[in-house]
Amino acid sequence: MAAGTSALVVAMFWLPGVLVLRCAGARGLVLVAAAPLATLGTAGIGAVVAHLLGIPWGRPAAVLAVALAAAGALVLRLPRRPGGDRSTARAPHHGPSRALAAAVISGTALQVVPVAWGMGRPGRLLDAYDVVVHMNTVRHVQESGTGSSLVLTDAGEAGRTLGFYPAAWHDLTALVPVWPDVPTVFNAAVVLPVALAWTAGVALLTRVVLPQRPRAAVWAALLSAAGLALPLTLTGQEAGLVPNATGLSLLPAAVAVVATRAPLGPRWFLTSALVGLSLALVHPNAALAALLVLLPWFGARAVRAVAAARGRTRLVMITGLALGAATMAVALVIVAQSEPMDRVRAFHGDSPHLWSTTVVALLSGKMGTAPGGGGALVVLAALVGAVLVRRLREARWLVVSAALVALFFVGGRSGIPVLADLDVPWYGETKRLAPVLAAVLVPLAALAVDAVGSWLVASGRLRTQLAPRRAALLVGALLVVPGLVSGALDTASAARGDYGAGGRDGREVPTFASDDELAMLHRLDGRLDAGAVLGSPHSGAAHLYALHGTAVTVRSPLSLVPSAVQDVERRLPQLGRDAGLCADLERLGIGYLYVDPVVFRHERSELPLLVAAPPEGVRVVDTGGTAAVYEITACG
């Protein structure tokens, strides 16, 4: 991946959040881990407010949004009057150590470098179903100045209903300068934020949950790349769930910020609400997953608070908790009955799995479409960590969270009534829950890795001339390194298929656009100005709008195809002989045909599928790979 583009993307995703969080008083690891969440939240909320005020979303509006967010953070940071509210929503401050910094960098590199190697070159197209939708949405935000999640479901396409669409990632990516080209920027905005946010977030969550074990955060940063349900996996594997993967990569940091050990006062509630809103604007099911993880933590805090209270105070607390639970239940019912959830329920998710398959998936770490890598090591170590954590009262809730998420994962894969519906908010796909389970298993695994080495040395079972601390670190390294190597190899192998540089499961697969076809797409910039392009949305045709803003009749596999377009496609072989065809083409604004017999996928019969050019009435504009673009000349 081009170094300059990578630096630019990291700066865009981190620096605004660093400014806002620094104004709020954050520093150290929390600054690194939570900065992308703050940046995306500022962009997502800012785009909504800008739309409501009639202000185009772009760099000036984004700068204003960051300035206002930083000012608000400063106000919240101001000291209160003596006797006032002393609670804080700020995450614990921990100065970064060299070992932790090195581990975060290493954990990130162990994800990014294999992907870059598998990609081959940074400008390749990511071959996944939803990717062209996200690329087109970024282009639409840039051209229209509309980035509000409240109205972005249509992404500029006629016939689609306006409604909620989580657009924070698109809003921010639309601000990144295009250099050297759109695919390179897009790939950097997909891979780098997800990898770095995930590793730093898992390290922060481990440090918050296990403050007595500072080395555990170092091991967690490394284990985050071992291949156990990496969020990065969701961006490929023929799916392209970019916002979902980004939201899940932010989940550990979001949980760490909320799960403070400080008293829960107004500022905690405000910060928690902003964290939840920011996560929802990246992807709602990431916010729901964070709520699922945090339920045991909040339950434990509530039980201890009520037990410590006396008399009227206890009654007030119980009443408040009951009202809060009732409000949450009502909110969930409203969301469950909303139109967006109707669309989620209509999604065809996983078929039921055999129990044996589910058990193997859990124990091996090969959950969902994740290749697994060193996942088995992480799962085994997490089981040991779950036993060890019983001595750490403040961290026990994490074991309950892991069990709760595992219940949703297992239930969603079963065919048992009620249980099988537990994964409905995740589109019925348990692969979207797998990174959530990984987020709570890695800290437990890190505790085990840290404890095993120390125990072997302290108990005398490991006799060595090395100092006890170095011996314990060596044991931990011997446990972790094989999993990291395995995870990196699996990540690289998956990336080769995801970016069209190879195949999946040992077989070659069709791509949206081969290297030669992509080169043609770049050459077409500025050359297709006589009308829109009609072609299969599973070919390079769908990317012309995202790459150059070229008018495309059917922009994505999710597009609604008017019957008039279907009729025109059916009559194309009669071009030059059908008297009414030219009038219909002109009415639809179609001036070019994108012909490609090799497409990413065949589905939905109403989608255009141009595998051969009409016998007459067209001229070749350019060719690349198996594709060719023709200008319609029969209509003069």
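Along each chain, the written sequence defines residue order, and numbers are assigned to residues from 1. Only residues with pLDDT of at least 70 are given local features in this predicted model, and only at 80 or more are side-chain atom pairs given and counted; all residues enter the totals for whole chains, interfaces and linings. Side-chain metrics rest on all non-hydrogen atoms present in the structure, leaving aside hydrogens and water.

(A) Summary view of the overall build of the protein. Within the protein one finds 22 helices and six strands. The C-alpha atoms of the protein give a radius of gyration of 26 Å, which matches the 26 Å a tight globule of 636 residues would have. Its C-alpha atoms give the protein principal-axis dimensions of roughly 85 × 55 × 50 Å. Whether a residue is buried, partly exposed or exposed follows from its accessible area with a 1.4 Å probe, protein chains only, as a fraction of its type maximum: under 20%, in between, or over 50%, in that order. Counting only residues that meet the buried cut, the protein has 53% of its 636 residues in that class. Only heavy atoms matter for contacts: two residues are in contact if any of them lie within 4.5 Å across the pair. Partitioning the contacts of the protein with sequence separation of at least 6, the portion at a separation of at least 24 is 75%. Computed over 50 positive and 37 negative side-chain charges, the inter-centroid distance for the protein is 22 Å. Put simply, DSSP marks the helices as runs of H or I at least four residues long and the strands as runs of E at least two long, and each gets a number from the N terminus on. Using C-alpha atoms as the atom set, the radius of gyration is obtained and then compared with a globule rule of 2.2 Å times the number of residues to the power 0.38. The charge count treats Lys and Arg as positive and Asp and Glu as negative. His and the chain ends do not count. Note that the charge is assigned to NZ on lysines, CZ on arginines, CG on aspartates and CD on glutamates.

(B) Geometry of the packing of aromatic side chains. Side-chain rings of Phe, Tyr and Trp, where Trp is taken by its six-membered ring, are said to pair if the distance between their centres is within 6.5 Å; with planes under 30 degrees apart they count as stacked, over 60 as edge-to-face, and otherwise as tilted. Applying the stated criterion across every chain yields a total of seven aromatic pairs. Between W169 and F186, the ring centres sit 5.6 Å apart and the planes meet at 90 degrees, which makes this aromatic pair edge-to-face. Placement of the pair is W169 in helix α6 (residues 168–173) and F186 in helix α7 (residues 182–209), with a sequence separation of 17 residues. The exposure class of W169 is buried, given its relative accessible area of 0%. On the numbers, 6.4 Å between centres and 15 degrees between planes, the contact of W268 with F298 is stacked. Here the residue W268 occupies a position in helix α10 (residues 266–282), and F298 occupies one in helix α11 (residues 284–308), the gap between them amounting to 30 residues. Relative accessible area serves as the criterion here: at 5%, W268 is assigned to the buried category. With a relative accessible area of 31%, F298 lands in the partly exposed category. These aromatic residues form a ring-pair network of at least three members: W268, F269, W297 and F298. We note R555 situated over the ring of Y545; from NZ or CZ to the ring centre the distance is 3.7 Å. Our definition puts a charge over a ring when NZ of Lys or CZ of Arg is within 6 Å of the ring centre and also within 35 degrees of the ring normal.

(C) Spotlight on the environment of P537. Of note, P537 is situated in the loop between β3 (532–535) and α20 (544–548). Distance from P537 to A448, taken between C-alpha atoms, is 48 Å for residues 89 residues apart in sequence. If near-sequence neighbours (up to four positions away) are discounted, P537 is found in contact with F512, A542, V554, S556, P557, L607 and P608.

(D) Looking closely at the pattern of salt bridges. Salt bridge, as applied in this entry: a Lys or Arg side-chain nitrogen positioned within 4 Å of an Asp or Glu carboxyl oxygen. Under the counting rule described, the total for this entry stands at 18 salt bridges. For R571, the salt bridge identified is with D567, shortest N-O distance 2.6 Å. Placement of both R571 and D567 in helix α21 (residues 563–571) is noted, with a separation of four residues, approximately one turn of the helix. For D567, a relative accessible area of 22% translates into the label partly exposed.

(E) Up close: the nonpolar core. The biggest cluster of nonpolar side chains holds 162 residues, and the ones touching the most others in it are W57, W169, L521 and Y594. Counting residues per element, this core draws most heavily on α7, at 20 residues. Those residues within four positions of W57 in sequence are excluded, and the remaining contacts are A43, G46, A47, A50, A62, V141, G145, G147, D171 and L175. Core analysis: the next-biggest nonpolar cluster, separate from the first, contains 17 residues, L534, L575, L585 and Y630 among them. Buried Ala, Val, Leu, Ile, Met, Phe, Trp, Tyr and Cys residues form a nonpolar core when they are joined through side-chain atoms within 4.5 Å.

(F) View of the pairing of β3. What you see with β3 is no split at all: A532 and L534 on one side and V533 and G535 on the other are buried throughout. Paired strands, as defined in this entry, are two strands with at least two bridges between them according to DSSP. Examined bridge by bridge, β3 and strand β4 (residues 590–595) share four bridges and lie parallel to one another. Looking across to β4, one finds that G535 is bridged to Y594.

(G) Summary view of the confidence of the model for the protein. Considering every residue of the protein, the mean pLDDT works out to 89; 93% of them sit at 70 or more. Note: pLDDT gives the predictor's confidence per residue, expressed from 0 to 100. Within the protein, α6 carries the highest mean pLDDT (98), whereas strand β1 (residues 503–504) carries the lowest (52). Note on residues 80–96: pLDDT under 50 across the span, and 37 contacts to partners over four residues away in sequence or across chains.

(H) Looking closely at the sheet that holds β4. The four strands are arranged β3-β4-β6-β5 in an open sheet whose pairing can be described as mixed. Strand pairing shows two members of the sheet lacking a second neighbour, β3 and β5 (618–624), which therefore form its edges. Going across the sheet, the axis of each strand differs from the next one's by a mean of 25 degrees, ignoring polarity. With six bridges joining them, β5 and strand β6 (residues 627–632) adopt antiparallel strand pairing. Where helices are involved, their axes are fitted lines through C-alpha atoms of the stretch in contact, as for all axes, and angles between N-to-C directions lie from 0 to 180°.

(I) Structural context of a nonpolar patch on the surface. Like charges within 9 Å and nonpolar side chains (Val, Leu, Ile, Met, Phe, Trp, Tyr) within 5 Å are joined into patches, using only residues over 30% in relative accessible area that form no salt bridge. For the accessible areas, the method is Shrake-Rupley and the probe is 1.4 Å, while residue cover comes only from the protein chains on display. On the surface, V49, L52, L53, I55 and L150 cluster together to form a nonpolar patch covering roughly 470 Å² of accessible area. You can see V49 is positioned in helix α2 (residues 29–53).

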